[in-house]
Amino acid sequence: MPDGAHRYEQLSPKAYEHPADRAATSALRAIPLMDKVLKRLTDVAHERRLRQILVGNAVRIGEAQVPELWTSFERAGWSLDLEPLPPLYATQTPLASAITIGAHRPTVIVFSGLVSSFDDDEVESVLAHELGHALSEHNYYTTALVLLAQFLRTSVPGTLAGLPIRALYLVLLEWSRAAELSSDRASALVMGDPLITCRTLMRMAGGAIDGMSLDAFIVQATEYEEEEDLFARWSRAWVRELIRWVETGEFDRIRDGSYVRRGSEPPPSKEFQAAVAHYRERFGAMLERTSGGVQRLVRQLEEWLRGAGRAQDDADGSDAEGPDADEPE
């Protein structure tokens, strides 16, 4: 047992996931053809290219490479009962952040600006946050989101011509904001103290500046409650949601061992179905603004999938007529 770690054996992600995350994920999956398109988008070739971009100049962390960081990573994974552990990389960037990508196998990448300027417990809270993403399998949609962001910044490859990239990107971006709320809860569970996670969020928002007051930041987090959207990508909104969750008593119940185990997840409730309907409407309104509505989006996705399928058939045919074509019978 790692020193100071509290293990949640067979912890189901449903035990800590924020209702907005669960509902938004279900609403995302309910968009016709969405998963089929994303599966083709995150094929091996695209994911390999993304990995090369993100970890090509990164350092693989392990027992012989920054062992203190690896120990924190192992402790967080042990606490969440997550096996096997994803690979961990550190990459040179002044930003204080981290990301978990990999449609087929999660990989955690931590930015050097975080490790070099944050306290050890704050770094571990971020690692726990990323492993929360891995346990909830957020990495699949996150990979698609990162790929779409890259496609928007560069010229669109010919194989993606006709794909409504901007509409897909905005819907996934909306989903990702809800996913963050769940991973903050996973971080708090691993650390055993939600205030550590709140302090980390404060420092990620304002930088590692000496003299910052967490109490003042929590007051700030509650000042704009009536003006902010739950999905807003602001640290103060995330802090407020985490504090509310702790106040419900759910944090303490899970710490005491009363939580949903893997394989024992309850069926969706009526309240959950109502929340899914809410996010379907929300996503539908977004698609209306960006692509002319869900039905038009579905037609575009159908056309793109047919074109991608024909291109794959042509490529397979070319391969078949290659080296064996001139061989005698």
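The numbering scheme is per chain: residues are counted from 1 as the chain's sequence reads. In keeping with the model being predicted, local features are shown solely for residues with a pLDDT of at least 70 and side-chain atom pairs are shown and tallied solely at 80 or more, while totals for entire chains, interfaces and linings include all residues. Note: side-chain values were computed over all heavy atoms of the structure, leaving out hydrogens and water.

I tried to follow empty space enclosed by the protein on my own but got confused; where do I start?
Any empty space left between the atoms is revealed when a probe the size of a water molecule rolls over them. A cavity here means a set of 1 Å grid points, computed over protein atoms only, where a 1.4 Å probe fits but cannot escape. A pocket is an open set with protein on both sides within 12 Å along at least 5 of 7 lines, and lining residues have an atom within 4 Å of a point. Grid points are joined across faces, edges and corners, and a volume is the space filled by probe spheres set on the points. As enumerated under the stated definition, the model contains one cavity of 30 Å³ or more in all. Roughly 30 Å³ of volume is contained in the largest cavity. Of all elements in the fold, only helix 8 (165-191) and helix 11 (235-247) reach the threshold of two or more residues within the lining of the largest cavity. Residue polarity follows a fixed list, in which Ala, Val, Leu, Ile, Met, Phe, Trp, Tyr, Cys and Pro are nonpolar, Asp, Glu, Lys and Arg are charged, and the others, Gly among them, are polar. Of the residues assigned to the lining of the largest cavity, the class counts are three nonpolar, one polar and three charged. Helix and strand assignments come from DSSP, with helices taken as H or I runs of at least 4 residues and strands as E runs of at least 2, each series counted from the N terminus.

Would you explain unusual backbone geometry in this entry?
In terms of backbone geometry, most residues other than glycine have negative phi values and most peptide bonds are trans. That bond from Glu83 to Pro84 is cis: its omega, -5 degrees, falls within 30 degrees of zero. Take Pro84: it is sitting in the loop between helix 4 (67-79) and strand 2 (88-91). The phi dihedral of Gln10 falls on the positive side, at around 55 degrees, and the residue is not glycine. By secondary structure assignment, the location of Gln10 is in the segment before helix 1 (19-30). For each residue, the accessible area found with a 1.4 Å probe, counting protein chains only, is set against the maximum for its type, and the residue is called buried under 20%, exposed over 50%, and partly exposed in between. Using a relative accessible area of 38% as the deciding quantity, one classes Gln10 as partly exposed. One non-glycine residue, Leu33, lies in the positive phi region at around 70 degrees. The class of Leu33 is partly exposed, set by a relative accessible area of 26%.

Looking at this structure, I do not really get the pattern of salt bridges. What am I missing?
If charged atoms from side chains of opposite charge come close, those side chains can pair. Salt bridge, as used here: a side-chain nitrogen of Lys or Arg that lies within 4 Å of a carboxyl oxygen of Asp or Glu. With the rule as written, the count across this model stands at 13 salt bridges. Glu122 is the salt-bridge partner of Arg199, the closest N and O atoms lying 2.7 Å from each other. Note that Arg199 is positioned in helix 9 (residues 194-206) and Glu122 in helix 6 (residues 120-135), a separation of 77 residues in sequence. According to the relative accessible area criterion, Glu122 is buried, its value standing at 0%.

Sorry if this is basic, but what is going on with the packing of aromatic side chains here?
The geometry of an aromatic ring pair comes down to the distance between the two centres and the angle between the two planes. Pairing of aromatic rings covers Phe, Tyr and Trp, the last through its six-membered ring, and needs centres within 6.5 Å; plane angles under 30 degrees mean stacked, over 60 mean edge-to-face, and all others mean tilted. Going through the model one piece at a time under the given rule, you end up with five aromatic pairs. Ring plane angle 75 degrees and centroid distance 6.0 Å describe the contact between Trp245 and Phe251, whose orientation is recorded as edge-to-face. Trp245 gets classed as buried once you look at its relative accessible area, which sits at 5%. A relative accessible area of 4% places Phe251 in the buried class. By way of ring pairs, the aromatic residues Tyr140, Tyr141 and Trp175 are connected into one cluster. As a reminder, the over-ring test applies to NZ of lysine and CZ of arginine, requiring each to be within 6 Å of the ring centre and within 35 degrees of the ring normal. Just above the ring of Phe118 sits the side chain of Arg203; from NZ or CZ to the centre is 5.2 Å. The ring centre of Tyr259 lies 3.8 Å from the NZ or CZ of Arg261, which sits over that ring.

Just to check I follow, could you spell out the nonpolar core for this structure?
Where a protein is soluble and globular, its nonpolar side chains tend to be buried together. Judged by nonpolar contacts, the single largest core of 51 residues is most densely connected at Leu28 and Leu163. For this core, the elements supplying multiple residues, two or more each, are helix 1, helix 2 (34-41), helix 3 (44-55), strand 4 (107-111), helix 7 (139-153), helix 8, helix 13 (270-291) and helix 14 (294-320). Top element by residues in this core is helix 8. It accounts for 11 residues. Throughout, a residue-residue contact means that at least one pair of heavy atoms, one from each residue, lies within 4.5 Å. Residues in contact with Leu28, not counting those within four places in the same chain, are Met34, Tyr141, Val171, Leu172, Trp175 and Phe283. Residue types Ala, Val, Leu, Ile, Met, Phe, Trp, Tyr and Cys, when buried and joined through side-chain atoms within 4.5 Å, form a set referred to as a nonpolar core.

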